[in-house]
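Residues per chain are reported as follows:
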Amino acid sequence: IGLVFIKFADKHDYYAYSQLIGYVALTSAIQSALVNTTALTLLPKRIGEDRVRLTNAFFSLQLFLSVVLAIAGGVFLWAIPASISMSAIGVPLAFSMVLMVLATWLREFLRNIQFINLRADFCLWQDVAYALILVPCIGVLVLKEMVLAEHMLLAISAAGILSVLP
């Protein structure tokens, strides 16, 4: 993705993408610390309805946290310039970043649950589906000369969400 930006986008879009992907990575670390690692520790010990109930509780927690962090980050990035050297981020780019945080958290949580359920094969298929969705999306952006940060974030988000659908 970085190479696509370097070859087909201007510096501003690559800079915006790099900054926003950093925020997404930060929120992913928070998810890992507060939700996924704890789930990996507690869920394998549970069975039956107890496991289902606890899995649902972890899903609710991760959904709440992802929405709060995504919206807070989006509002902050829209209302305040991302840095001294960057102009204010527009609503479409902030919205794309919000959607990417939500999609990333959903994808990672569901991958984590598949590992807990000893279904690494599902994780592999989700990753294959992710790549098979994302690569053509990037190709379309390149062919239509629309390699912009918000478009790339939307493509990554769409691939993340679609790849985890049953």
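Below you will find a few notes about this structure. In every chain, residue numbers begin from 1 and rise along the written sequence. Where totals are concerned, whole chains, interfaces and linings use all residues; where local detail is concerned, this predicted model gives features only for residues with pLDDT of at least 70, and gives and counts side-chain atom pairs only at 80 or more. Hydrogens and waters are ignored; side-chain quantities use all the structure's heavy atoms.

## Considerations on the side chain of Gln31
Then, in step 1: By secondary structure assignment, the location of Gln31 is in helix H2 (residues 11–42).
Then, in step 2: The exposure class assigned to Gln31 is buried, which follows from its relative accessible area of 1%.
Then, in step 3: Side-chain atoms alone can form a polar contact between residues adjacent in sequence; in general such a contact is a pair of N or O atoms within 3.5 Å, and within protein one must be able to donate a hydrogen while the other accepts it. At 2.9 Å, the side chain of Gln31 and the backbone oxygen of Trp105 are in polar contact.
Then, in step 4: Every residue pair with non-hydrogen atoms within 4.5 Å of one another is taken to be in contact. Once residues within four sequence positions are removed from consideration, Gln31 is found in contact with Asn36, Gln62, Thr104, Trp105, Glu108 and Phe109. Only runs of H or I of at least four residues qualify as helices and only runs of E of at least two qualify as strands under DSSP, and these elements are numbered from the N terminus. Type-normalised accessible area, obtained with a 1.4 Å probe on protein chains alone, sets the label of each residue: buried when under 20%, exposed when over 50%, and partly exposed for intermediate values.

## Describing unusual backbone geometry
Then, in step 1: Notably, Leu118 is not glycine yet its phi reads approximately 60°, a positive angle.
Then, in step 2: A positive phi angle is found at Glu145, which is not glycine, with a value near 55°.
Then, in step 3: Take Glu145: it is sitting in the loop between helix H5 (120–143) and helix H6 (149–163).
Then, in step 4: Residue classification places Glu145 among the exposed positions, given a relative accessible area of 73%.

## Details of the pattern of salt bridges
Then, in step 1: Here a salt bridge means any side-chain nitrogen of Lys or Arg lying within 4 Å of a carboxyl oxygen belonging to Asp or Glu. Applying the stated criterion across every chain, the model contains seven salt bridges.
Then, in step 2: Among the salt bridges present, the one from Glu108 reaches Arg107, with a minimum N-O distance of 3.6 Å.
Then, in step 3: Note that Arg111 and Asp127 form a salt bridge whose closest N and O atoms lie 2.8 Å from each other. On the criterion of sequence distance, the pair formed by Arg111 in helix H4 (residues 91–116) and Asp127 in helix H5 is long-range, its members being 16 residues apart.
Then, in step 4: Taking the relative accessible area as the measure of exposure, Arg111 reaches 16% and is therefore buried.
Then, in step 5: Each member of the salt-bridge network shares a partner with another, and the members are Arg107, Glu108, Arg111 and Asp127.

## As for the packing of H4 against H5
Then, in step 1: Two elements in contact, H4 and H5, have axes whose closest approach is 7 Å; the angle formed by their N-to-C orientations is 150°. Taken together, the axes of H4 and H5 are roughly antiparallel relative to one another. In terms of crossing hand, the pair formed by H4 and H5 is left-handed. Together, Arg107, Arg111, Gln114 and Phe115 of H4 and Ala120, Phe122, Cys123, Gln126, Asp127 and Tyr130 of H5 make up the contact between the two elements.
Then, in step 2: Note that Gly is not counted as nonpolar here; it falls among the polar residues with everything else outside the nonpolar set of Ala, Val, Leu, Ile, Met, Phe, Trp, Tyr, Cys and Pro and the charged set of Asp, Glu, Lys and Arg. A per-class count over the contact of H4 with H5 returns five nonpolar, two polar and three charged. Axis definition: a line fitted to C-alpha atoms, over the contacting stretch in the case of helices. Angles run 0 to 180 degrees between N-to-C directions. Note on terminology: angles under 35 degrees are roughly parallel, angles over 145 are roughly antiparallel, angles of 65 to 115 are roughly perpendicular, and the others are oblique. If you view the pair so one helix is near and one far, a crossing is left-handed when the near helix is turned anticlockwise from the far one by less than a right angle, and right-handed when it is turned clockwise.

None of this, on its own, says anything about what the molecule does.
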